[in-house]
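Survey of secondary and tertiary structure
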Amino acid sequence: MGMLSKDQESLLKEERGLMNDLRTALVKFEAGPEDEAILRESIRQLDELFLLVVVGEFNSGKTAVINALLGQPLLEEGVTPTTTHVCLIRHGEQEKNVLGEDQILVTLPVEFLSAMTIVDTPGTNAVIRRHEAITNLFVPRSDLVLFVTSADRPFTESERGFLERIRDWGKKVVIVINKVDILEKEEEITKVKDFVLENARLLLGVVPEAFALSARGALRAKQGEARLWEKSRFAPFEEYLHNTLDESSRLQLKFLNPLGVGARLTEKYLGKVDSRTASLKTDLDLLADVESQLKFYQEDMQRNFGFRMADIDNILLGMEKRGQVFFDETFRLGRVFDLLSKPRIQQEFERQVVADLPRQVEEKVTQLIDWLVESDLRQWQAIHQHLSGRRRGQSERIIGDMGPGNYSYDRDRLVEAVAREARRVVEGYDRDREAKTVADHARTAVAASAALEAGALGLGALVTTLATTAAADVTGVLLAGLVAAVGLIIIPARRQHGKAKLNEKIAALRAQLSGSLRGQFEKEVQHSLERIQEAIAPYTRFVRAEREKMEEMGKKLRDLKTGIERLSKKIESIR
Ligand SMILES: Nc1nc2c(ncn2[C@@H]2O[C@H](COP(=O)(O)OP(=O)(O)O)[C@@H](O)[C@H]2O)c(=O)[nH]1
Ligand SMILES: [Mg+2]
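Residues numbered from 1 in each chain as written. Chains lettered and ligands numbered in written order. Predicted model: local features only at pLDDT ≥ 70, side-chain atom pairs only at ≥ 80, totals over all residues. Heavy atoms only, no water.

1. Description of helix α1 (residues 6-28)
Inclusion rule: The secondary structure listing takes helices from DSSP runs of H or I that are at least 4 residues long and strands from runs of E that are at least 2 residues long, numbered from the N terminus. A helix's residues, less one, multiplied by 1.5 Å, set its expected span.
The terminal C-alpha atoms of α1, which comprises 23 residues, lie 33 Å apart, in line with the 33 Å expected from a rise of 1.5 Å per residue. Directly after α1, the chain includes Glu-30, whose backbone phi takes a positive value near 55°.

As structure tokens, then:
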């Protein structure tokens with residue numbers, strides 16, 4: 001670029017700062033390397049000569065237009081698609097150099113090339129995809145796009161698509177409708193031009209500059225057939241390129257170039273942030289579902305457990321009642337001789353008071369355990385179902401990757417891991433084994449609370465032992481009381497004492513049993529919840545971290561977008 005004014009310098013500085021910010025953001029958020037390269041190129045382009053890129057379908061006459069501008073048939077026209085290259089045309093000694101597989105550099109001592117570089121592209125061609133890719137590589141770098149369409153097939157479908165992409169890069173487009181010499185009448189030319197302009201307006205939102213001309217006629221005129229010049233309509237086009245597009249408008253376009261690219265990339269990644277945020281929303285909803293399901297599970301367990309423990313309490317209360325009856329019936333003078341036999345009274349106590357309490361307690365506890373185990377299994381089943389549903393839902397709308405960070409891969413892998421763990425648990429769930437483990441724990445807890453050797457005793461046997469110990473204690477009291485009663489005849493007082501003692505014993509037994517069972521089952525529920533939460537934790541952590549990242553990225557991109565818009569307006573308002 002030539003000499004810049006102070007204002008221009010400061011605009012340029014601001015622009016570089018903004019674009020470098022965007023680059024840093026894209027790198028940080030693992031944007032595709034091509035996008036980063038495009039941005040880098042367009043920033044670099046700020047230091048280069050004005051770049052005019054000529055695009056259009058194959059055979060529309062792009063090369064012919066350039067030859068006509070140069071006034072000499074320096075570039076080969078009418079070549080087949082397979083032999084075309086991107087051709088960079090610069091100012092210099094007349095020379096031709098191969099730059100690479102797809103590019104050649106032509107230098108020519110033509111005056112206007114000292115103000116701009118022209119790029120002749122092979123054109124968009126559905127047959128040769130590679131050409132399209134090469135052309136697409138140059139479009140983002142261009143400061144101005146010259147879009148050449150042919151009067152015999154103006155504005156084809158593929159040209160329409162191509163123009164759309166050019167627009168997305170925020171490029172200024174000038175349209176050339178070439179080969180108007182094949183149209184006989186003036187009104188045919190007007191018709192074609194109107195048609196092209198209307199379509200371009202619909203696509204671009206603005207009416208671009210458009211020139212209907214004959215490149216062939218112009219070249220021939222410049223080479224001696226002067227009478228063809230007027231008819232070629234080339235003059236207004238040349239006038240536009242050389243004069244309307246003066247130094248300051250070129251500079252303006254050049255300044256706008258990286259901003260257009262930046263706006264396009266910002267838009268693209270904001271779109272990705274949006275769709276990923278939406279995807280994360282479903283993950284978060286799912287996790288919230290799971291969370292509330294677990295909470296409900298916990299509450300349900302508490303409530304149900306309360307009912308079931310009340311059942312067990314009732315059984316123990318029944319024993320307490322039977323004890324009272326036993327006391328009243330046995331502690332009578334009429335049975336004094338029966339009562340004198342200690343083994344006998346103990347036997348009777350066991351038969352009438354203890355009765356089938358151990359079996360009943362054991363049955364209730366077994367039911368409780370089965371219910372506990374079943375609920376645990378159901379939680380895992382629910383988790384598995386939730387996640388399988390989520391996986392299916394997700395695969396239907398796979399979102400483009402945001403670079404090597406490979407979000408969907410990580411996410412799916414984690415969901416898969418949780419689902420796999422849930423499936424493993426569900427499929428391998430051995431109710432009997434689980435129940436036995438819980439029963440063992442419960443038995444150990446009950447034994448520990450009673451300071452008994454748990455050993456190989458089942459829960460029922462344990463309860464029997466506890467009840468019998470109580471019985472022995474109480475019948476002991478009974479006998480002592482009996483002797484005293486017989487001797488001193490103060491039976492009622494002794495009876496009172498015996499009953500109180502029995503109540504105390506049974507209350508202690510109840511406290512022991514329900515206290516240790518409750519403690520143990522609470523532990524089991526906690527453990528079950530912890531296991532499930534642990535299985536989900538990596539997925540939860542991932543989703544939360546991703547969401548934070550997306551929030552940060554969205555904010556950064558929106559800030560950049562605002563900055564780009566503001567600077568573009570500033571640049572557009574110069575002149
Ligand atoms: N009738 C007519 N033919 C043209 C004109 N310009 C180019 N052509 C022909 O159209 C064909 C393709 O031109 P070319 O410049 O190679 O097209 P490109 O593939 O877009 O570069 C060649 O045979 C040219 O001679 C023109 O103004 N009028
Ligand atoms: Mg060509």
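2. A word on unusual backbone geometry
This is how the line gets drawn: Buried means the residue's accessible area, taken with a 1.4 Å probe over protein chains only, is under 20% of the maximum for its type, while exposed means over 50%, and partly exposed covers the values in between.
For Lys-179, which is not glycine, the phi dihedral falls at a positive 65°. You can see Lys-179 is positioned in the loop between β7 (173-178) and α6 (186-204). Non-glycine residue Arg-233 carries a positive phi angle of around 55°. When its relative accessible area of 26% is taken as the criterion, Arg-233 is described as partly exposed.

3. Details of the layout of surface pockets
Here is the rule: Buried and open spaces are told apart on a 1 Å grid over the protein atoms alone, a cavity being a set of points where a 1.4 Å probe fits but cannot get out and a pocket being an open set with protein on both sides within 12 Å along at least five of seven lines. Residues with an atom within 4 Å of a point are the lining residues. Grid points are joined across faces, edges and corners, and a volume is the space filled by probe spheres set on the points. The classification used treats Ala, Val, Leu, Ile, Met, Phe, Trp, Tyr, Cys and Pro as nonpolar, Asp, Glu, Lys and Arg as charged, and all other residues, Gly among them, as polar.
Within this model, the largest pocket holds a volume of roughly 780 Å³. Thr-63, Glu-76, Glu-77, Gly-78 and Val-79 are, among the 35 residues lining the largest pocket, the residues nearest its centre. When residues of the lining of the largest pocket are traced back to their parent elements, those giving at least two are α3 (62-70), β3 (95-98), β4 (103-108) and α7 (215-222). Counting residues per element, the lining of the largest pocket draws most heavily on α7, at 4 residues. For the lining of the largest pocket, the per-class residue count stands at 13 nonpolar, 12 polar and 10 charged. In this structure, the second largest pocket spans a volume of roughly 510 Å³. Taken together, 21 residues form the lining of the second largest pocket, with Gly-170, Leu-256, Gly-260, Ser-568 and Glu-572 sitting closest to its centre. At the level of elements, α5 (157-168), α10 (247-330) and α17 (491-572) are the ones that each hand at least two residues to the lining of the second largest pocket.

4. Some points on the site of ligand 1
Note the threshold: A single heavy atom is enough: if one lies within 4 Å of a molecule or strand, its residue is considered near that molecule or strand. What qualifies as a polar contact is a pair of N or O atoms within 3.5 Å, subject to a donor-acceptor requirement within protein and to the restriction that residues adjacent in sequence count only when both atoms come from side chains. Note on areas: Shrake-Rupley with a 1.4 Å probe; residue coverage comes only from the protein chains shown. A molecule is said to be in a cavity or pocket once over half of its atoms fall within 2 Å of that pocket's grid points.
Residues in contact with ligand 1 amount to 17 residues; listed here are only the nearest, Asn-59, Lys-62, Thr-63, Gly-78 and Asp-181. Note that an oxygen atom of ligand 1 is positioned 3.1 Å from one of the backbone N or O atoms of Arg-216. In isolation ligand 1 exposes 580 Å². Once the protein is present, 87% of that is buried. A majority-of-atoms criterion places ligand 1 in the largest pocket. Of all the secondary structure elements, the ones that give two or more residues to the shell around ligand 1 are α3 and α7. Here the shell around ligand 1 gets 3 residues from one element, more than from any other, and that element is α3. Looking at the shell around ligand 1 residue by residue, the class counts come to 4 nonpolar, 7 polar and 6 charged.

5. Some words on the packing of aromatic side chains
The test is simple: For this analysis, a ring pair means two rings from Phe, Tyr or Trp (six-membered ring only for Trp) whose centres lie within 6.5 Å, classed as stacked if their planes differ by under 30 degrees, edge-to-face if by over 60, and tilted for the remaining angles. We call a charge positioned over a ring when the NZ of a Lys or the CZ of an Arg lies within 6 Å of the ring centre and within 35 degrees of the ring normal.
For the coordinates displayed, the defined rule picks out 6 aromatic pairs. The ring of Phe-138 has Arg-141 lying over it, and the distance from NZ or CZ to the ring centre is 5.0 Å. Above the plane of the ring of Trp-169 lies Arg-264, whose end atom (NZ or CZ) is 4.3 Å from the centre.

6. Describing the nonpolar core
Our working definition: The criterion is simple. A nonpolar core is a set of buried Ala, Val, Leu, Ile, Met, Phe, Trp, Tyr and Cys residues joined through side-chain atoms within 4.5 Å.
Counting 126 residues, the largest nonpolar core has Leu-163, Ile-166, Phe-521 and Tyr-539 as its most contacted members. By residue number, the principal contributor to this core is α10, which donates 25 residues. Judged by nonpolar contacts, the second largest core, of 36 residues, contains Leu-70, Leu-108, Val-176 and Leu-241.

7. As for the environment of Leu-183
Put simply, the test is: Whether two residues are in contact is decided by their heavy atoms, any of which lying within 4.5 Å being enough.
Considering the arrangement of structural elements, one finds Leu-183 in the loop between β7 and α6. For the pair Leu-183 and Asp-152, spaced 31 residues apart in the sequence, the C-alpha separation amounts to 8.0 Å. If near-sequence neighbours (up to four positions away) are discounted, Leu-183 is found in contact with Ala-151, Glu-188, Ile-189 and Val-192.

8. Thoughts on the pattern of salt bridges
Stated precisely, the cut-off is as follows: What makes a salt bridge here is a side-chain nitrogen of Lys or Arg within 4 Å of a carboxyl oxygen of Asp or Glu, nothing more.
A complete count under the given rule lists 32 salt bridges for this structure. Ionic pairing is found between Arg-424 and Glu-421, a salt bridge with its closest N-O pair at 3.1 Å. Taken together, the residues span about one helical turn, with Arg-424 and Glu-421 both in helix α14 (residues 407-427) at a distance of 3 residues. A relative accessible area of 53% means that Arg-424 is categorised as exposed. Here Glu-546 ties to Lys-549 by a salt bridge, and the two come within 3.7 Å at their closest N and O atoms. Of the two residues, Glu-546 and Lys-549 both sit in helix α17, 3 residues apart, roughly one turn of that helix. With relative accessibility at 8%, the residue Glu-546 sits in the buried group. Exposure remark for Lys-549: the relative accessible area of 29% places this residue in the partly exposed category. Via salt bridges that share partners, Glu-41, Arg-44, Glu-48 and Arg-141 belong to a single interconnected network.

Interpretation note: all reported values are geometric properties and have no functional meaning in isolation.
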